[in-house]
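# Commentary on secondary and tertiary structure
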Amino acid sequence: MDAARKYQVVVRLKGGDPMLFGRAQEEIAALDAAAVPYEVVPGVTSALAAAAEAGASLTQRGVARTVVFATPRVGEGEVPSNWASSAASADTAVIYMGAGQAKEVAAALIAAGTARDTPVLVSENASLPQARRIALTLEELPQIAWYGITGPTLIMVGHAFAAALAAAEQEALQKYAKA
């Protein structure tokens, strides 16, 4: 607020879209309470960027008609949501901020009815030069700890990622055939 009172224009830059898991509502409420005028400029959420980079439509015709954006994260003093049930009921689920809880995410989705062999595409640092994608199945999701993920990561679950999983499996087979 100090900067808003001192300068004519202040920019709060956030990667992705500020209205999706960006705590924008808290900041808007604070600005409103302080009578500070603002403008929210939308961005491209990382789920859309990651899907575009992978060449995988989140709503692939004949495969996926529903998409859920969810997070297992719960703020201090907040009541946990039923995110896994919502994610399991969708054709495509994009889990934000779940890489550190990969084992729990996989277990929750399986318990909610998602098949163990469902394709998963893990995207780290989507849209950045150091972006990385890992294709595996839901059952294998806990293994992502092995990859040493440190950047912002999405866990994208659903049959829309079947081609990415097949390509990763083919690449692994070719590597082992050369060895």
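Heads up: the structure comes first, above all this text.
Here is what the cut-offs are and how they apply
Residues numbered from 1 in each chain as written. Predicted model: local features only at pLDDT ≥ 70, side-chain atom pairs only at ≥ 80, totals over all residues. Heavy atoms only, no water. Pairing = 2+ DSSP bridges. Helix = DSSP H or I, 4+ residues; strand = E, 2+ residues; numbered from the N terminus. Axes fitted to C-alpha atoms, helices over the stretch in contact; angles between N-to-C directions. Contact = heavy atoms within 4.5 Å. Patch = residues over 30% accessible without salt bridge, like charges linked within 9 Å, V, L, I, M, F, W, Y side chains within 5 Å. Areas by Shrake-Rupley, 256 points an atom, 1.4 Å probe, with all protein chains shown as cover. Salt bridge = Lys/Arg side-chain N within 4 Å of Asp/Glu carboxyl O. Phe/Tyr/Trp six-rings, centres within 6.5 Å; stacked < 30°, edge-to-face > 60°. Buried < 20%, exposed > 50% of the residue type's maximum accessible area, 1.4 Å probe, protein only. Right-handed = clockwise from strand over helix to strand, strands pointing away.

Here we come to the sheet that holds strand β5 (residues 153–158). On the basis of which strands lie adjacent, the open sheet formed by five strands has the order β1-β2-β5-β3-β4 and mixed pairing. Each edge of the open sheet is held by one strand with a lone partner, namely β1 (67–70) and β4 (132–137). Adjacent strand axes in the sheet meet at a mean angle of 15 degrees when their direction is disregarded. Both β1 and strand β2 (residues 92–96) contribute to a ladder of four bridges, which runs parallel. Of the residues in β2, the one forming a bridge with V67 is T92. Across the sheet, helix α6 (residues 162–178) lies against β3 (119–124), β4 and β5, angled at about 95 degrees from β4, the strand it touches most.

Turning to a nonpolar patch on the surface, a few remarks are in order. Residues F21, V44, L48, F69 and M97 make up a contiguous nonpolar surface patch of about 420 Å² in total accessible area. Within the element layout of this structure, F69 appears in strand β1.

The next point concerns the packing of aromatic side chains. Under the definition given, this model contains three aromatic pairs. The interplanar angle of 50 degrees and the centroid separation of 5.0 Å between the aromatic rings of F21 and Y96 together place this pair among those described as tilted. You can see F21 sitting in the loop between α1 (2–6) and α2 (24–33) and its partner Y96 sitting in strand β2, a full 75 residues away along the chain. In this structure F21 comes out as partly exposed when scored by relative accessible area, which is 32%. Look at W146 and Y147: their rings are 4.9 Å apart centre to centre, the planes differ by 90 degrees, and that puts the pair in the edge-to-face class. A relative accessible area of 34% places Y147 in the partly exposed class. These aromatic residues form a ring-pair network of at least three members: F21, F69 and Y96.

This next bit is on unusual backbone geometry. Glycine aside, residues mostly have negative phi, and peptide bonds are mostly found in the trans state. Located in the positive-phi region is A35, a residue other than glycine, with phi close to 60 degrees. For A35, the location among the structural elements is in the loop between α2 and α3 (46–54). The exposed category is assigned to A35, whose relative accessible area is 67%. Of note, S127 is a non-glycine position whose phi angle comes to about 70 degrees, a positive value. In this fold, S127 is placed in the loop between β3 and β4.

What follows deals with the pairing of β1. Here β1 shows a clear split, with V68 and A70 buried on one side and none of V67 and F69 buried on the other. Handedness of the crossover joining β1 and β2 through helix α4 (residues 83–89): right-handed.

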